[in-house]
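As a plain string of letters, each chain reads:
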Amino acid sequence: MAVERWCGRMECAVRVLVTGGAGFIGSMLVRELVSRGADVVVLDLLTYAGRRWNLSGVPHTFHRGDVAVEADVSRAMIGCDAVLHLAAESHVSRSLGDAAPFFRTNVEGTRVVLDVALRLGVERVVHMSTDEVFGAALADEASGPDAPFRPGNPYAASKVAAEAVVMAWRHSFGSRAAIVRCTNNYGPRQHPEKAIPCWTLAALGGGPIPVHGRGTARRDWLHVSDCARGLADILQDWVPCASWHLAGGDVRVNRTVAEQVAALCGGHDLVFGPERLGQDRVYLLDDSLTRARLGWSPRVPFTTGLAETVEWYRRHQADVWRGAER
């Protein structure tokens, strides 16, 4: 792999577009890029999970627009040196009820971003994907960057299709886009529909904490700040057409995590409901290439990150229900 590195801490007036930059991972990524000296542009439609207050106090240029509309993407991307494409529909349960928005945003949106980048001559494009494209890990074997796809739900299928677009645009049109897959992110500003904020807010409200099935599914947890740092490293130490993995390396049973949340909130009961449709037992990524080539590894221990996350939701219970500020 040939690495093309930007100077210093991106202090050479690098202008970066972050699609979905008002969302959970996107807003943390904007903070990371700004801390490295980048001039950041955000494109976000401000649907239910994208909120302007996620970026409060962070210098950036904001464009409200749809990632699947070429005019909106073009307006935001003009003058940019790179694109980090994070805009996506991402909640599995919502995809089980209506998959159409997932394929429009995740697949057509990716096609539009790549086409506009090619037209404007923006070579550094990072497409954000997920560990779910590989489906449940077989025999607890972690998936490397070239593992076969086995999507187990509509959300995962839409992300596989989006990756297929990236790969086809590389081969057909000379796109140099990179792909990044990560494990389960957690941390401040995550939408309440996700597991850890859902459990935390339920406990803070007096409980009980709702858990799918018996809570036996396992997930590998990665703090959102570590994910954002990895994405910025990948952009800065650029390898054209590469595929990268970012894994927390801390796999935990869902029930155990819910019990940890309950304890941090003063102790509450867990209530077990039906298992989620299409539930996968565990997702695992092999990120040894990323660690070796970029020197990246997670810095936030899960117990520390979870305690800080619960405390953030304790302080911001009203904010997390606030609608998008248009």
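Criteria and thresholds
- Residues numbered from 1 in each chain as written.
- Predicted model: local features only at pLDDT ≥ 70, side-chain atom pairs only at ≥ 80, totals over all residues.
- Heavy atoms only, no water.
- Buried < 20%, exposed > 50% of the residue type's maximum accessible area, 1.4 Å probe, protein only.
- Helix = DSSP H or I, 4+ residues; strand = E, 2+ residues; numbered from the N terminus.
- Pairing = 2+ DSSP bridges.
- Phe/Tyr/Trp six-rings, centres within 6.5 Å; stacked < 30°, edge-to-face > 60°.
- Lys, Arg positive; Asp, Glu negative; His and termini not counted.
- Salt bridge = Lys/Arg side-chain N within 4 Å of Asp/Glu carboxyl O.
- Contact = heavy atoms within 4.5 Å.
- Axes fitted to C-alpha atoms, helices over the stretch in contact; angles between N-to-C directions.
- Parallel < 35°, antiparallel > 145°, perpendicular 65-115°, else oblique.
- Left-handed = near helix turned anticlockwise from the far one by under 90°.
- Nonpolar A, V, L, I, M, F, W, Y, C, P; charged D, E, K, R; others polar.

Enquirer: Which residues make up the pairing of strand E9 (residues 209–212), and what values go with them?
Expert: Across the two faces of E9 the burial differs, with Ile209 and Val211 buried and Pro210 and His212 not buried at all. Alignment of E9 against strand E14 (residues 270–273), held across 4 bridges, turns out to be parallel. Its bridge partner lying in E14, His212 is registered against Gly273.

Enquirer: Give me the lowdown on the packing of aromatic side chains, citing residues and values where you can.
Expert: Across all of its chains, the model carries 8 aromatic pairs by this definition. Taking 6.4 Å as the distance between ring centres and 70 degrees as the angle between the ring planes, the aromatic pair formed by Phe102 and Tyr155 counts as edge-to-face. Residue Phe102 is located in helix H4 (residues 100–120), and its partner Tyr155 is located in helix H5 (residues 154–173); the two are separated by 53 residues in the primary sequence. Take Phe102 and Tyr155: they sit in the same class, and that class is buried.

Enquirer: Lay out unusual backbone geometry in plain terms, naming residues and giving numbers.
Expert: Omega for the bond connecting Gly207 with Pro208 falls within 30 degrees of zero, at 0 degrees, which places this linkage in the cis form. The topology assignment puts Pro208 in the loop between helix H6 (195–204) and E9. Even without glycine at this site, Asp140 takes up a positive phi of about 55 degrees. Within the fold, Asp140 resides in the loop between strand E6 (124–128) and H5. On the basis of relative accessible area, Asp140 is assigned to the partly exposed category, the value being 38%. The phi angle at Arg189 is positive, at roughly 75 degrees, despite the residue not being glycine. With respect to the helices and strands, Arg189 occurs in the loop between strand E8 (184–186) and H6. Given a relative accessible area of 19%, Arg189 falls into the buried group.

Enquirer: Give me the lowdown on the side chain of Arg31, citing residues and values where you can.
Expert: Here Arg31 shows up in helix H1 (residues 24–35). One buried charge, Arg31, has no salt-bridge partner; the nearest side chain with opposite charge is Glu32, at 9.7 Å. If we skip the residues at most four places from it in the chain, Arg31 touches Asn54, Leu55, Ser56, Val58 and Arg189.

Enquirer: Tell me what's going on with the packing of H6 against helix H10 (residues 302–315), and back it up with residues and numbers.
Expert: For any two helices packed against each other, one specifies the inter-axial angle together with the distance between the axes. Contact pair H6 / H10: the axes reach a minimum separation of 10 Å and the direction vectors enclose 55 degrees. Comparing the axis directions of H6 and H10 gives the class oblique. Taken as a pair, H6 and H10 cross one another with a handedness that is right-handed. When H6 is examined against H10, the residues Ile196, Pro197, Thr200, Leu201 and Leu204 are found in contact with a partner set consisting of Phe302, Leu306, Thr309, Val310, Tyr313 and Arg314. Class assignment for the residues of the contact of H6 with H10 results in 8 nonpolar, 2 polar and 1 charged.

Enquirer: Provide a residue-level description of the side chain of Thr110, including the pertinent values.
Expert: Turning to its location among the elements, Thr110 is positioned in helix H4. Contacts of Thr110, omitting those with residues within four sequence positions, involve His85, Thr105, His127, Ala162, Val165 and Val166.

Enquirer: An account of the sheet that holds strand E10 (residues 218–223) is requested, with residue identities and associated values reported.
Expert: Paired through their backbone hydrogen bonds, the strands of a sheet run either parallel or antiparallel. Strand order in the open sheet made by the 3 strands is E8-E10-E13, with mixed pairing throughout. At either margin of the open sheet sits one strand with a lone partner, and together these are E8 and strand E13 (251–253). The sheet shows a mean angle of 50 degrees between the axes of neighbouring strands, direction not considered. Note: E10 against E13, 3 bridges, orientation antiparallel. Across the sheet, residue Arg219 finds its bridge partner in E13, namely Arg252.

Enquirer: Explain the sheet that holds strand E12 (residues 243–246) to me, and be specific about the residues and the numbers.
Expert: Strand order in this open sheet of 7 strands is E4-E3-E2-E5-E6-E7-E12, and the pairing throughout is parallel. Whereas interior strands pair on both sides, the edge strands pair on one side only; in this sheet they are strand E4 (61–64) and E12. Averaged over all pairs of adjacent strands, the angle between their axes in this sheet comes to 20 degrees, without regard to strand direction. With 5 bridges connecting them, strand E2 (residues 15–19) and strand E3 (residues 39–44) associate as parallel partners. Bridge assignment links Thr19 to a residue of E3, and that residue is Leu43. Against the sheet, H1 contacts E2, E3, strand E5 (82–85) and E6, and its axis sits at roughly 170 degrees relative to E2.

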